[in-house]
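The residues making up each chain are set out below.
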Amino acid sequence: MTIRIKKDKTSPGLLRTVEKLADVDLSVCFQCKKCDSGCPVSNLTGAPPSEILRRLHLCAGNELLASDLVWMCVSCETCFVRCPMGIDIPSVIDALRGLAVEQKTPAPEGNMPLFNRVFLKTVEMFGRTYDLGMIVAHKIGTKTYMKDAEKFPGMLRKRKIALLPPRGADRKMVKRIFDSVRRAKEKQK
Ligand code: SF4
Ligand code: SF4
């Protein structure tokens, strides 16, 4: 996806806001693009990590918050490890996600923000991810009931997906972590 900066939507404050939220100094990025080479999703998005930083420098606004990479990033931290300036790009992307949710930015195709929410919900409920619950909730939310349904029997047969929720996790502990994050967020408001 090409990110176009529109004059009427430019947001000079976004760079500073992201720097503050992610606790990073983005002015040290010199666009060497080493972060792009190891990113497992940059081929799919057309907006590799270095471009996100470049766009922030160029005062991108809401169109950046709606870009694919902001939601497709899997937080593998490869870009962070490869960056010669030690820029914590995953934290930058986390900050952009938080702002996108706050500002109710329209979700990109596939509704990855919804996927993020249902992923976190299943972790909160079961202490670990519950793939089937996540898939069902995402399908209901996106009304894509039959999409990829033919893959389901094979996944079951190969035990790639479980019918029942996971056991053994310390659910109370995980719930406490979620609650404390919510309280910390409330205090920040
Ligand atoms: S590797 Fe670091 S310095 Fe190089 S473009 Fe990426 S973020 Fe910028
Ligand atoms: S953390 Fe995100 S942006 Fe960085 S390499 Fe991994 S997927 Fe790409």
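Basis of the calculations
- Residues numbered from 1 in each chain as written.
- Chains lettered and ligands numbered in written order.
- Predicted model: local features only at pLDDT ≥ 70, side-chain atom pairs only at ≥ 80, totals over all residues.
- Domains from an automatic or database assignment.
- Near = placed C-beta within 6 Å.
- Nonpolar A, V, L, I, M, F, W, Y, C, P; charged D, E, K, R; others polar.
- Helix = DSSP H or I, 4+ residues; strand = E, 2+ residues; numbered from the N terminus.
- Buried ≥ 20, exposed ≤ 12 C-beta atoms within 10 Å, placed from the backbone.
- Core = buried A, V, L, I, M, F, W, Y, C linked by C-beta atoms within 7 Å.
- pLDDT = per-residue confidence, 0-100.
- Axes fitted to C-alpha atoms, helices over the stretch in contact; angles between N-to-C directions.
- Left-handed = near helix turned anticlockwise from the far one by under 90°.
- Contact = placed C-beta atoms within 7 Å.

Caption draft 1: Representation of the domain arrangement of the protein. Per the domain assignment, the segments making up the protein are domain 1 (7-102) and domain 2 (112-188). Here domain 1 and domain 2 have C-alpha centroids that lie 26 Å from each other.

Caption draft 2: Quick peek at the site of ligand 1. The environment of ligand 1 is made up of 15 residues, and the closest members are Cys29, Cys32, Cys35, Ser50 and Cys83. For the shell around ligand 1, the per-class residue count stands at ten nonpolar, two polar and three charged.

Caption draft 3: Highlighting unusual backbone geometry. Its identity is not glycine, yet Asp23 carries a phi of approximately 55°, on the positive side. Positionally, Asp23 belongs in the loop between helix 1 (12-22) and helix 2 (34-37). Since 10 C-beta atoms lie within 10 Å of it, Asp23 is described here as exposed. Although it is not a glycine, Asp148 adopts a positive phi angle of roughly 65°. Mapped onto the secondary structure, Asp148 falls in the loop between helix 10 (131-142) and helix 11 (152-157).

Caption draft 4: Fine view of the nonpolar core. Counting residues in each nonpolar core, the largest one holds 26 residues, and the members touching the most others are Val18, Val70, Val92 and Leu96. For this core, the secondary structure elements donating two or more residues are helix 1, helix 4 (49-57), helix 5 (62-65), helix 6 (68-72) and helix 8 (89-102). Broken down by element, the residue count for this core peaks at six residues, all from helix 8.

Caption draft 5: Geometry of the site of ligand 2. Surrounding ligand 2, one finds 15 residues, the nearest of these being Cys39, Cys73, Cys76, Thr78 and Cys79. Of all the secondary-structure elements, those providing two or more residues to the shell around ligand 2 are helix 7 (78-82) and helix 8. In terms of residue count, the dominant contributor to the shell around ligand 2 is helix 8 (three residues). Each residue belonging to the shell around ligand 2 can be placed in one class, and the counts come to eleven nonpolar, three polar and one charged.

Caption draft 6: Inspection of the confidence of the model for the protein at higher detail. Chain-level statistics for the protein give a pLDDT mean of 86 and a share of 92% at 70 or above. Mean pLDDT per element in the protein: helix 5 is the minimum at 77, and helix 7 is the maximum at 95.

Caption draft 7: Just the packing of helix 9 (residues 112-126) against helix 10, in detail. Taken N-terminus to C-terminus, the directions of helix 9 and helix 10 make an angle of 145°; their axes are 9 Å apart at the nearest point. Considering only the axes of helix 9 and helix 10, their crossing is right-handed. Touching Leu114, Phe115, Val118, Phe119 and Thr122 of helix 9 are Gly133, Met134, Ala137, His138, Gly141 and Thr142, all from helix 10. Across the contact of helix 9 with helix 10, the residue classes break down as six nonpolar, five polar and no charged.

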